[in-house]
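Structural characterization, general
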Amino acid sequence: MKMAVISRASALAALSSTGNSRRLLQEEAVVFGRHDGLKKVAVSQRVKRTGGQYEHCRPGMVRATSLQPRRRVKDEAEFIPVSPDDGGYYTTENQGEPTISIEQLMAIREGRGHGSMWVKPSFQRKTKIVCTIGPTSNTREMIWKLAEGGMNVARLNMSHGDHASHKKVIDLVREYNEEAGAQVIGLMLDTKGPEVRSGDLPQPIKLERGDEFTFTIKRGVGTDKCVSVNYDDFVNDVDVDDMLLIDGGMMSLQVISKTEESVKCEVVDGGELKSRRHLNVRGKSATLPSITEKDWDDIKFGVENQVDYYALSFVKDAQVVHELKEYLRANNADIYVIVKIESADSIPNLQSILEASDGAMVARGDLGAELAVEEVPLLQAEIIKRCRSMGKPVIVATNMLESMINHPTPTRAEVSDIAIAVREGADAIMLSGETAHGKYPLKAVKTMHTVALRTEATLPEERPPANLGRAFKNHMSEMFAFHATMMSNTLGTSILVFTRSGFMAMLLSHYRPAGTVFAFTNDKKVQSRLAVYQGVRALHMEFSDDAEETFTKALSILQKRGMVKDGEEVALVQSGRQPIWRSASTHHIQIVSPGKYLKPKVSIN
């Protein structure tokens, strides 16, 4: 087996130069074609290794575009593998090979196939699923079923429940992780934030269009004409003619007058007003601090229980993110901060907020309440685009399968909503009430899994980002990750990477390779943190001082668990911030076939 070794001094010249119109790198069946505009270039020969000998293959034609990775088109007799975890068209006769050729799959991905043709992709689902855990899903049995159905991250909504109930969920998820091993679930703590809510009512009130209703800052008021709010500056934050929204727009009232203690409104869109309803003012954010006293208590709870991410609600500027990160550093807490973009005040500061964060969530419920609803899809696309350019994970949330709270099947619009988020490049998509208190939590997860998987099978090849090599301010590693992606896409392989910090796995996720990124790490914290990154399957394994021994064990694990098959090639990558079995100035790629590489009698724990 041959190995490409690229030094820091020669890497950019070897991998990044675009001066040559066509350059072929032939290394263990690796074929690179340097771009030559948009015209076709003939590949004079290809080589492959069979039984220790190199033999020539027939000449072929490839279409090369500006450094755009393309998957190698194999001979028609070859088939594309399908993950056993996702099911496939297996028969006894074909012994595990699906009955669909790669040419047919490529035809569908490039829009040349029949619209009705549906082919399972050659990878497991890449877009991750975040599930909110609540009364209908907080049991051991249900958490296991959700994880097996597709959940990647468990969300703890601190707006509901107490620390004891959330601790129970944390313990159950950790128990599952210990048993599952290869399918680790991440833990996300979502802060309540400065929510403005109405007070308690003895019974729901039916409000009709044209009715007058009053909100007061006096405590304990709850009649059919007036109710308290939990925010003392509520009167100061609203003005006459402002539109007040209840539960994100389920009801709306227009402000007609106010006093020092109350705000009188006229009902525009009526409905049933219940206790403790969420209030928004269209186009405005409350002047409350982004992190309340309750939030700090919940954040401390998260530090004590070592959650993987905070979803920070109602972030208005970057300062609050810096404040939280400083607190985490002072407490030696290694927790990523995901900012929730859901307030009108966050939009003017969007760039600085994203730069300060470790990722973002498009929280469309409150965002659509504080801004015009038609702006939400545009903002969603823009936030995803910016996060992608920065190499930071982005989650799309709220109302994705809202109808499945009460119904066993989704609306067609909800299915399209999931598909759009996947096509726009979201790392993860989220379920809220669907899994927290809905009637069909497991069906909701399986629906989201199926729609995401189906959509991914039709995605076109990723084009190189405009800021190639500049997203992470680590040019050498970024360029290497990009070209490792090109290599794996050209050969149609998955990628195997070893990482202590998770950095190289994040880089590879940023470039969206066609195959799965199998990230082996010796740190369980890193393993669970990678659960939110698109296309990354993180596995825990102790590293040996012997590189070959570690490689062999990792390949054995993948093969034993059915993640790769006999004869299937894998791109083994060594790069990143912390060198493992290499000098800091060198980066490695090997193309290996587990069946040929493995040593006998390897012990797998």
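Residues numbered from 1 in each chain as written. Predicted model: local features only at pLDDT ≥ 70, side-chain atom pairs only at ≥ 80, totals over all residues. Heavy atoms only, no water.

Remarks on the overall build of the protein
- The secondary structure content of the protein amounts to 18 helices and 29 strands.
- Considering the protein as a whole, with its 605 residues, one finds that 56% of them fall into the buried category.
- For the protein, long-range pairs separated by at least 24 residues make up 68% of all intrachain contacts whose partners lie at least 6 apart in sequence.
- Within the structure as shown, the protein displays about 26,200 Å² of accessible surface, and the carbon and sulfur contribution to it stands at 49%. (Helix = DSSP H or I, 4+ residues; strand = E, 2+ residues; numbered from the N terminus. Buried < 20%, exposed > 50% of the residue type's maximum accessible area, 1.4 Å probe, protein only. Contact = heavy atoms within 4.5 Å. Areas by Shrake-Rupley, 256 points an atom, 1.4 Å probe, with all protein chains shown as cover.)

Concerning the packing of aromatic side chains
- According to the stated counting rule, one finds 8 aromatic pairs in the structure shown.
- Here the aromatic rings of Phe 498 and Phe 543 are separated by 5.9 Å at their centres, their planes lie at 75 degrees, and the arrangement is edge-to-face. Here the residue Phe 498 occupies a position in strand β25 (residues 494-498), and Phe 543 occupies one in the loop between β27 (536-540) and α17 (547-560), the gap between them amounting to 45 residues. Summarising the burial analysis for this pair, Phe 498 and Phe 543 share the class buried.
- If you follow Arg 140 out to its NZ or CZ, it ends over the ring of Trp 144, 4.0 Å from the centre. (Phe/Tyr/Trp six-rings, centres within 6.5 Å; stacked < 30°, edge-to-face > 60°. Lys NZ or Arg CZ within 6 Å of the ring centre and 35° of its normal.)

Quick notes on unusual backbone geometry
- The residue Gln 306 is not glycine, and still its phi comes out positive at about 50 degrees.
- Topologically, Gln 306 is positioned in the loop between α6 (293-304) and β20 (309-312).
- Here Gln 306 falls in the exposed class, since its relative accessible area comes to 54%.
- In this model, Asn 399 sits at a positive phi of 65 degrees, which is unusual for a non-glycine residue.
- Position of Asn 399 among the secondary structure elements: in the loop between β23 (394-397) and α11 (412-424).
- With relative accessibility at 40%, the residue Asn 399 sits in the partly exposed group.

Side note on the environment of Val 255
- When you line up the elements, Val 255 lands in strand β16 (residues 251-258).
- Considering only alpha carbons, one finds Val 255 and Glu 212, 43 residues apart in sequence, at a separation of 9.7 Å.

Re the packing of α6 against helix α7 (residues 318-330)
- Packing of α6 against α7 leaves a shortest axis separation of 12 Å and a crossing angle of 40 degrees. Taken together, α6 and α7 sit at an angle that is classed as oblique. As for how α6 packs across α7, the hand of that crossing is right-handed. From α6, Trp 296, Ile 299, Lys 300 and Val 303 reach across to α7, where they touch Glu 323, Leu 324, Tyr 327 and Leu 328.
- Here the contact of α6 with α7 is composed, by residue class, of 6 nonpolar, no polar and 2 charged. (Axes fitted to C-alpha atoms, helices over the stretch in contact; angles between N-to-C directions. Parallel < 35°, antiparallel > 145°, perpendicular 65-115°, else oblique. Left-handed = near helix turned anticlockwise from the far one by under 90°. Nonpolar A, V, L, I, M, F, W, Y, C, P; charged D, E, K, R; others polar.)

A short note on the pairing of strand β13 (residues 212-216)
- Of all 5 residues in β13, 4 are buried, a share of seventy percent or more.
- With 5 bridges joining them, β13 and strand β17 (residues 262-269) adopt antiparallel strand pairing. Its bridge partner being in β17, Thr 214 is matched across the sheet by Lys 264.
- Here 3 bridges tie β13 to strand β14 (residues 226-228), and the two strands are oriented parallel to one another. Its bridge partner lying in β14, Phe 215 is registered against Val 227. (Pairing = 2+ DSSP bridges.)

Topic: α17
- Here α17 contains 14 residues, and its C-alpha end-to-end distance of 20 Å stays within 8% of the 20 Å for a straight helix at 1.5 Å per residue.
- Within the sequence span of α17, burial applies to Ala 547, Thr 550, Phe 551, Thr 552, Ala 554, Leu 555, Ser 556, Ile 557 and Leu 558.
- Sitting at the amino-terminal end of α17 is Asp 546, which places a side-chain oxygen 2.9 Å from the backbone nitrogen of Glu 548.
- Where α17 terminates, the next one or two residues include Gly 562, which has phi positive at roughly 75 degrees. (Expected span 1.5 Å × (residues − 1). Polar contact = N/O pair within 3.5 Å; in protein donor to acceptor, adjacent residues only side chain to side chain.)

Quick notes on the pattern of salt bridges
- On inspection of all chains with the given rule, the structure shows 23 salt bridges.
- In this structure, Lys 294 engages Asp 298 in a salt bridge whose closest nitrogen and oxygen atoms are separated by 3.1 Å. With a gap of 4 residues between them, Lys 294 and Asp 298 both fall in helix α6, about one helical turn apart.
- Residue classification places Asp 298 among the buried positions, given a relative accessible area of 2%.
- The salt bridge partner of Glu 342 is Lys 340, with a shortest N-O separation of 3.9 Å. (Salt bridge = Lys/Arg side-chain N within 4 Å of Asp/Glu carboxyl O.)

Some points on the packing of helix α4 (residues 163-180) against α6
- At their nearest, the axes of α4 and α6 sit 12 Å apart, and the two run at 30 degrees to each other. The orientation of α4 relative to α6 falls into the category roughly parallel. Crossing angle aside, the handedness with which α4 passes α6 is right-handed. Between α4 and α6, the residues in contact are His 163, His 166, Lys 167 and Ile 170 and Asp 297, Asp 298 and Phe 301, respectively.
- Each residue belonging to the contact of α4 with α6 can be placed in one class, and the counts come to 2 nonpolar, 2 polar and 3 charged.

Quick word on the environment of Leu 187
- With respect to the helices, strands and loops of the structure, Leu 187 is situated in strand β10 (residues 186-190).
- A relative accessible area of 1% means that Leu 187 is categorised as buried.
- Distance in space between the C-alpha atoms of Leu 187 and Ile 170 is 7.4 Å, their sequence separation being 17 residues.
- For Leu 187, the residues in contact, after removing those within four places along its chain, are Ala 154, Ile 170, Val 173, Arg 174, Val 307, Asp 308 and Tyr 309.

Considering α6
- Given a rise of 1.5 Å per residue, 12 residues ought to cover 16 Å, and the 17 Å separating the end C-alpha atoms of α6 matches this to within 8%.
- Of the surrounding secondary structure, the elements contacted by the buried residues of α6 are α4, β10, β20 and α7.

What to know about the side chain of Thr 447
- In this fold, Thr 447 is placed in helix α13 (residues 441-456).
- A residue is classified by how much of its surface remains accessible, and Thr 447, at 17% relative accessible area, is buried.
- The contacts of Thr 447, once residues within four sequence positions are left out, are Leu 401, Met 404 and Pro 410.

Re the confidence of the model for the protein
- When the pLDDT values of the protein are averaged, the result is 79; 74% of them are 70 or greater.
- Counting interchain partners and residues more than four positions distant, the pLDDT-below-50 stretch residues 1-106 has 222 contacts.
- Scored below 50 in pLDDT, residues 108-122 makes 36 contacts in the model with residues more than four places away or belonging to other chains. (pLDDT = per-residue confidence, 0-100.)

With respect to the sheet that holds strand β19 (residues 278-281)
- Judged by pairing direction, the sheet is mixed, and its 7 strands sit side by side in the order β11-β19-β15-β16-β17-β13-β14 without closing on themselves. The sheet is open, and its two borders are formed by β11 (196-197) and β14, each paired with just one other strand.
- The sheet contact formed by strand β15 (residues 243-246) and β19 spans 3 bridges and is antiparallel. Each residue of the ladder has a partner; that of Leu 244, found in β19, is Val 281.

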